[in-house]
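# Working through the structure, step by step
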Amino acid sequence: MTKKEIHFEFFIKASTHTIYNCISNPSGLEEWFADKVNIKGDEYTFLWEGEAKTAKLVSTKKDQFVRFHWLEDGKEKTFFEIKITKDEMTGDISLHITDFCEDGEEKESELLWESAIENLRHAVGG
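Residues numbered from 1 in each chain as written. Predicted model: local features only at pLDDT ≥ 70, side-chain atom pairs only at ≥ 80, totals over all residues. Heavy atoms only, no water.

### Comments concerning the layout of surface pockets
Applied cut-off: Buriedness of a pocket was judged along seven lines, with at least five required to meet protein on both sides within 12 Å; pockets are open sets of points on a 1 Å grid over the protein atoms alone, cavities are sets where a 1.4 Å probe fits but cannot get out, and lining residues have an atom within 4 Å of a point. Grid points are joined across faces, edges and corners, and a volume is the space filled by probe spheres set on the points. Numbering of helices and strands runs from the N terminus; a helix is a DSSP stretch of H or I covering at least four residues, while a strand is a stretch of E covering at least two.
Put simply, the largest pocket is a space of about 700 Å³. Together, 24 residues line the largest pocket, and Trp 48, Lys 53, Trp 70, Asp 99 and Leu 112 are the ones closest to its centre. Counting only elements with at least two residues in the lining of the largest pocket, the list comes to β4 (51-61), β7 (93-101) and α3 (106-124). Among the elements that take part in the lining of the largest pocket, α3 stands out by supplying seven residues, more than any other.

What follows is the structure, encoded as structure tokens:
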């Protein structure tokens, strides 16, 4: 089944560097995204309540974004990306999330990301 691209935006009060550390390294990801994160080369294995999913880090730019591809999605052009942007006028920081989900699962995906980002806010104090 083909997955659908979805987008979310969340505002957060923290420095781009602090956020980047939380979205790009295993210890940072364990603070808000997964119970445990293991890394081997460019493959990250995320564990939630005993369930493991592996993603390949396909692209990253320091203090700006990370993009992962779930290996279980095979050759399908799906990924999840977290992009950090700073409004030049206000200085506000926002996270732009791109993800993919099955048709009809948009609300579930939105709720999962809202919960994860709330955990991230708590982890960074913002």
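### A few points about the pairing of strand β3 (residues 43-48)
The following threshold applies: By the convention used here, strands pair only if DSSP detects at least 2 bridges between them.
Relative to β3, strand β2 (residues 36-40) is paired through five bridges, and the arrangement is antiparallel. For Ile 39, the partnering residue across the bridge sits in β3 and is Tyr 44. Linking β2 back to β3 in an antiparallel pair, the connection comprises two residues, with Gly 41 at a positive phi of about 65°. Hairpin connection from β3 to β4: two residues lie between these consecutive antiparallel strands, with Glu 49 at a positive phi of about 45°.

### Topic: unusual backbone geometry
For Glu 49, which is not glycine, the phi torsion reads 45° and is therefore positive. Tracing the backbone through its elements, the reader meets Glu 49 in the loop between β3 and β4. A positive phi angle, close to 60°, is found at Asp 63, a residue other than glycine.

### Topic: the side chain of Glu 81
We apply this condition: Polar contact is the term for a pair of N or O atoms within 3.5 Å; when the atoms are in protein, one must be able to donate a hydrogen and the other to accept it, and sequence-neighboring residues count only if both atoms are side-chain atoms.
In this fold, Glu 81 is placed in strand β6 (residues 80-86). Separated by 3.0 Å, the side chains of Glu 81 and Arg 67 make a polar contact.

Fair warning: the whole summary comes from geometry, so function is off the table for now.
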